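Take a look at the letters that make up each chain.
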Amino acid sequence: MSPWTEKYRPKNLEEIKGQDEAVFKIREFLKNFGKKKNALILHGPPGTGKTSIAHAAAKENNFEIFELNASDLRNREKLKNILRPATEQMPLEKSDKIILVDEVDGISEYDYGGLGELLSVIESTSFPVIITANDIWDKKFSALRKKCEMLQLKEINVNVLKNVILEISAKENISVNDDLINELSAKAKGDMRAAINDLQALSKLKDYFSVILDERNKETDIFSSLKKVFQEKPENEMLGIFDSVNMSIDDIILWIEENIPADYKGEELARAYDLLSKTDVFRGRIHKQQYWRFLVYENIFLSYGIASSKKNTKTGFTSYKKPSRILQIWLNNQKTVHKKSICHKYAEYVHVSHKRAMTEFPVIKLVIKSNPEIQKELKLEEEEIEYLKI
Ligand SMILES: Nc1ncnc2c1ncn2[C@@H]1O[C@H](COP(=O)(O)OP(=O)(O)O)[C@@H](O)[C@H]1O
Ligand SMILES: [Mg+2]
């Protein structure tokens, strides 16, 4: 499956979002090539469009791209052999070409003997050189900086991130609610690659995704049930009220927890919370000891119990809110989802409990990490193997 960041990589400069100044300047740089400096450094935080802008600009001008990466720069001789000819030959098909040195700051830990070669190429080239970097302020790049025009890319504005997330969601046919879009865009902190990757990861976690996505449809049920329980007299017919809500008890508890303070105050609020925490403890025991027949009491606590915690009945419209903890739970789960799935496969394979695999994960991780055969045997997905390396 292809990463959405590649699938939706901007194909031309019009598709580059939120970087109008940079787009303007790179066009100017190419148009005026030969009059000023021969090279341009696009620098700025990851995921802001540096690589995409370089490629899109080449395409717009029908330029061929000759691309080098940081590892090519390590060896001066090798670089001479590939870069020199490239700056001298005319490309065969297209009208012109760009030399792109992507992520020049990636060389930091290696020998950067090639840097000197790059400098001399910049002086003599008859083709524009574009260099990208996250951080160009290191001392070792000072000579390079002097030879280049500098173009700084800013973090992408949060509203631009939201729009791109919306667009991709529409194309992928997934509906994402506003809270989630806001959360994703804020969390990305100006990094479009991060935002798109999160969206794709989220779309794969179908269970949690559907909790969040289905909320809209479920809201009418949960709203009217909350209203009854929070505002009306406790009655027998209330006992099964949450059965008809198409949501898990865990979610219903979250909804109650989030919204009780909207209707209950003071003593009744304290009583209701107390009941809620008892339900939670009780629920834990039911699950641990597997006394499933006690499950029915949960419903009673949550409906009749919560309803009787109030002093008087209430009237009026309360606008109940979606619980914010669902998102928190999702975010936590996102962090552990690979761990869980690896443990699941491992547990199945060696016949131990899932819980034990989770407890012993640090050791299991070490073993699986360094052993591709076990990885194969366990049928680990690529992403799970990636996760082991972190
Ligand atoms: N300004 C932008 N407009 C639209 N998409 C972008 C933009 N910046 C980044 N992206 C998305 O993020 C991905 C990574 O962008 P890239 O240009 O490789 O970032 P950088 O080189 O700055 O780290 C792209 O494939 C694209 O999906
Ligand atoms: Mg890049």
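Residues numbered from 1 in each chain as written. Chains lettered and ligands numbered in written order. Predicted model: local features only at pLDDT ≥ 70, side-chain atom pairs only at ≥ 80, totals over all residues. Heavy atoms only, no water.

Some words on the overall build of the protein chain
Part 1 of the argument: Each helix and strand counted, the protein chain has 18 helices and five strands in total.
Part 2 of the argument: For the protein chain, the residues scored as buried account for 43% of the 390 residues in total.
Part 3 of the argument: Within the protein chain, contacts between residues separated by at least 24 positions form 75% of all contacts whose residues are at least 6 apart in sequence.
Part 4 of the argument: Surface accessibility of the protein chain: about 21500 Å² in total, with carbon and sulfur atoms responsible for 51%. (Helix = DSSP H or I, 4+ residues; strand = E, 2+ residues; numbered from the N terminus. Buried < 20%, exposed > 50% of the residue type's maximum accessible area, 1.4 Å probe, protein only. Contact = heavy atoms within 4.5 Å. Areas by Shrake-Rupley, 256 points an atom, 1.4 Å probe, with all protein chains shown as cover.)

Digging into the nonpolar core
For soluble globular proteins, the rule of thumb is that nonpolar side chains tend to be buried together.
Part 1 of the argument: With 24 residues, the main nonpolar core has Phe230, Phe242, Ile256, Ile260 and Ile306 as its most contacted residues.
Part 2 of the argument: Put simply, the parts of the chain that give this core at least two residues each are helix H10 (206-231), helix H11 (249-263), helix H12 (266-289) and helix H13 (295-308).
Part 3 of the argument: Tallying contributions element by element places H11 first for this core, with six residues.
Part 4 of the argument: Among residues more than four places away in sequence, those in contact with Phe230 are Ile256, Asn259, Ile260, Asp263, Tyr264, Ile306, Lys310, Lys314 and Tyr320. (Core = buried A, V, L, I, M, F, W, Y, C linked by side-chain atoms within 4.5 Å.)

A word on the site of ligand 1
Part 1 of the argument: The local shell around ligand 1 holds 19 residues, among which Thr5, Gly47, Lys50, Thr51 and Ser52 are the closest.
Part 2 of the argument: Within the side chain of Arg9, one N or O atom sits 3.1 Å away from an oxygen atom of ligand 1.
Part 3 of the argument: In the environment of ligand 1, an oxygen atom lies 2.9 Å from a nitrogen or oxygen atom belonging to the side chain of Thr51.
Part 4 of the argument: Broken down by secondary-structure element, the contributors of at least two residues to the shell around ligand 1 are helix H3 (50-60) and helix H9 (192-204).
Part 5 of the argument: Considering only residue class, the shell around ligand 1 consists of seven nonpolar, seven polar and five charged.
Part 6 of the argument: Here the shell around ligand 1 spans two domains, and each of domain 1 (4-152) and domain 2 (158-204) adds at least three residues to it. (Near = heavy atom within 4 Å. Polar contact = N/O pair within 3.5 Å; in protein donor to acceptor, adjacent residues only side chain to side chain. Nonpolar A, V, L, I, M, F, W, Y, C, P; charged D, E, K, R; others polar. Domains from an automatic or database assignment.)

Quick look at the side chain of Glu384
Part 1 of the argument: Summarising the element assignment, Glu384 is placed in helix H18 (residues 382-389).
Part 2 of the argument: On the basis of relative accessibility, which here comes to 5%, the residue Glu384 falls in the buried class.
Part 3 of the argument: Contact partners of Glu384, with chain neighbours within four places excluded, come to His338, Ser341, Ile342, Lys345 and Lys379.

Quick notes on the confidence of the model for the protein chain
Part 1 of the argument: Scored by pLDDT, the protein chain comes out at a mean of 83, with 86% of its residues at no less than 70.
Part 2 of the argument: When mean pLDDT is taken per element in the protein chain, strand S1 (residues 39-43) scores highest with 97 and H10 scores lowest with 66.
Part 3 of the argument: Note on residues 211-218: pLDDT under 50 across the span, and 17 contacts to partners over four residues away in sequence or across chains. (pLDDT = per-residue confidence, 0-100.)

A word on the sheet that holds strand S4 (residues 129-133)
Part 1 of the argument: On the basis of which strands lie adjacent, the open sheet formed by five strands has the order S2-S3-S4-S1-S5 and parallel pairing. At either end of the open sheet lies a strand with only one pairing partner, and these are strand S2 (63-69) and strand S5 (148-152). Between one strand and the next, the sheet's axes are offset by a mean angle of 20°, whatever the strand orientation.
Part 2 of the argument: As judged from the three bridges shared by strand S3 (residues 96-102) and S4, these two strands associate in the parallel manner. (Pairing = 2+ DSSP bridges. Axes fitted to C-alpha atoms, helices over the stretch in contact; angles between N-to-C directions.)

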